[in-house]
Amino acid sequence: MDAARELRELRRIERWFTVNDPELAATLSAHGATPPKAKHRWMRLVVDALGALLVIIGVVTVLFTLVFTGVLVLMTGACWHATCRRRRATP
C-alpha cells in the first residue's frame, strides 16, 4: 500500500470510530492518554517491596515456591516500571 492510500484508510477508520463510538474515539485521539492507575508510583514501589520480601523470606526459609513467586512479582514490577511513561518537559 502506498502512503496516500494508507492515510485515506486511517481517516476512514477514524471517521467510523467517531460515528460509532465517540467516547473511544476521544480517548484514542488524546495525546499521552494513559490509564490513571498506571501513574501511581507508590503502587509500583509496593509491588517491588513485596517481591523483594518474598524472595528474602523464601531464601531464609529455603522455600523455592516463595522465591519463585517473589521473582515473578519482581518481573511484573520491572515490566510496570518499563512501560510507565514519564512526562518530561524538554527545554
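What this report covers is the structure whose coordinates are included nearby. (Residues numbered from 1 in each chain as written. Predicted model: local features only at pLDDT ≥ 70, side-chain atom pairs only at ≥ 80, totals over all residues. Heavy atoms only, no water.)

### A few points about the overall build of the protein chain
- The secondary structure content of the protein chain amounts to four helices and zero strands.
- Put simply, the protein chain runs from its N terminus to its C terminus through helices and strands in the order α-α-α-α.
- Burial status across the protein chain gives 11% buried among its 91 residues.
- For the protein chain, the share of sequence-separated contacts (at least 6 apart) that also reach a separation of at least 24 residues comes to 47%.
- Element-wise, carbon and sulfur atoms account for 68% of the exposed surface of the protein chain, whose accessible area totals about 7700 Å². (Helix = DSSP H or I, 4+ residues; strand = E, 2+ residues; numbered from the N terminus. Buried < 20%, exposed > 50% of the residue type's maximum accessible area, 1.4 Å probe, protein only. Contact = heavy atoms within 4.5 Å. Areas by Shrake-Rupley, 256 points an atom, 1.4 Å probe, with all protein chains shown as cover.)

### Points about the packing of helix α1 (residues 3–20) against helix α2 (residues 22–29)
- With their axes 5 Å apart at the nearest point, α1 and α2 run at an angle of 130 degrees to one another. Between α1 and α2, the angle is such that the two are oblique. Of the residues in α2, those in contact with F17, T18, V19 and N20 of α1 are P22, L24 and A25.
- Taken together, the residues that form the contact of α1 with α2 break down as five nonpolar, two polar and no charged. (Axes fitted to C-alpha atoms, helices over the stretch in contact; angles between N-to-C directions. Parallel < 35°, antiparallel > 145°, perpendicular 65-115°, else oblique. Nonpolar A, V, L, I, M, F, W, Y, C, P; charged D, E, K, R; others polar.)

### Digging into helix α3 (residues 41–61)
- With 21 residues, α3 extends 30 Å between its outermost C-alpha atoms, agreeing within 8% with the 30 Å of an ideal straight helix rising 1.5 Å per residue.
- Those residues of α3 that sit buried are R44, V47, G51, L54 and G58. Taken around the axis of α3, the buried residues stretch over an arc of 90 degrees, which confines them to a single face. Facing away from the buried side of α3, by more than 90 degrees, are the exposed residues W42, I56 and V60.
- Looking one or two residues beyond α3, the residue adopting positive phi is V62, at roughly 55 degrees. (Expected span 1.5 Å × (residues − 1). Arc of directions from axis to C-beta.)

### Description of the environment of V46
- Residue position: V46 is located in helix α3.
- With relative accessibility at 45%, the residue V46 sits in the partly exposed group.
- Each C-alpha atom, one on V46 and one on G77, is 9.0 Å from the other, the two residues being 31 residues apart in sequence.

### Some words on the packing of aromatic side chains
- Applying the stated criterion to the full structure yields two aromatic pairs.
- Judged by centre distance (5.3 Å) and plane angle (75 degrees), the rings of W16 and F17 are edge-to-face. (Phe/Tyr/Trp six-rings, centres within 6.5 Å; stacked < 30°, edge-to-face > 60°.)

### Describing the side chain of R44
- By secondary structure assignment, the location of R44 is in helix α3.
- Although R44 is buried, it makes no salt bridge; D48 carries the closest opposite charge, 6.7 Å away. (Lys, Arg positive; Asp, Glu negative; His and termini not counted. Salt bridge = Lys/Arg side-chain N within 4 Å of Asp/Glu carboxyl O.)

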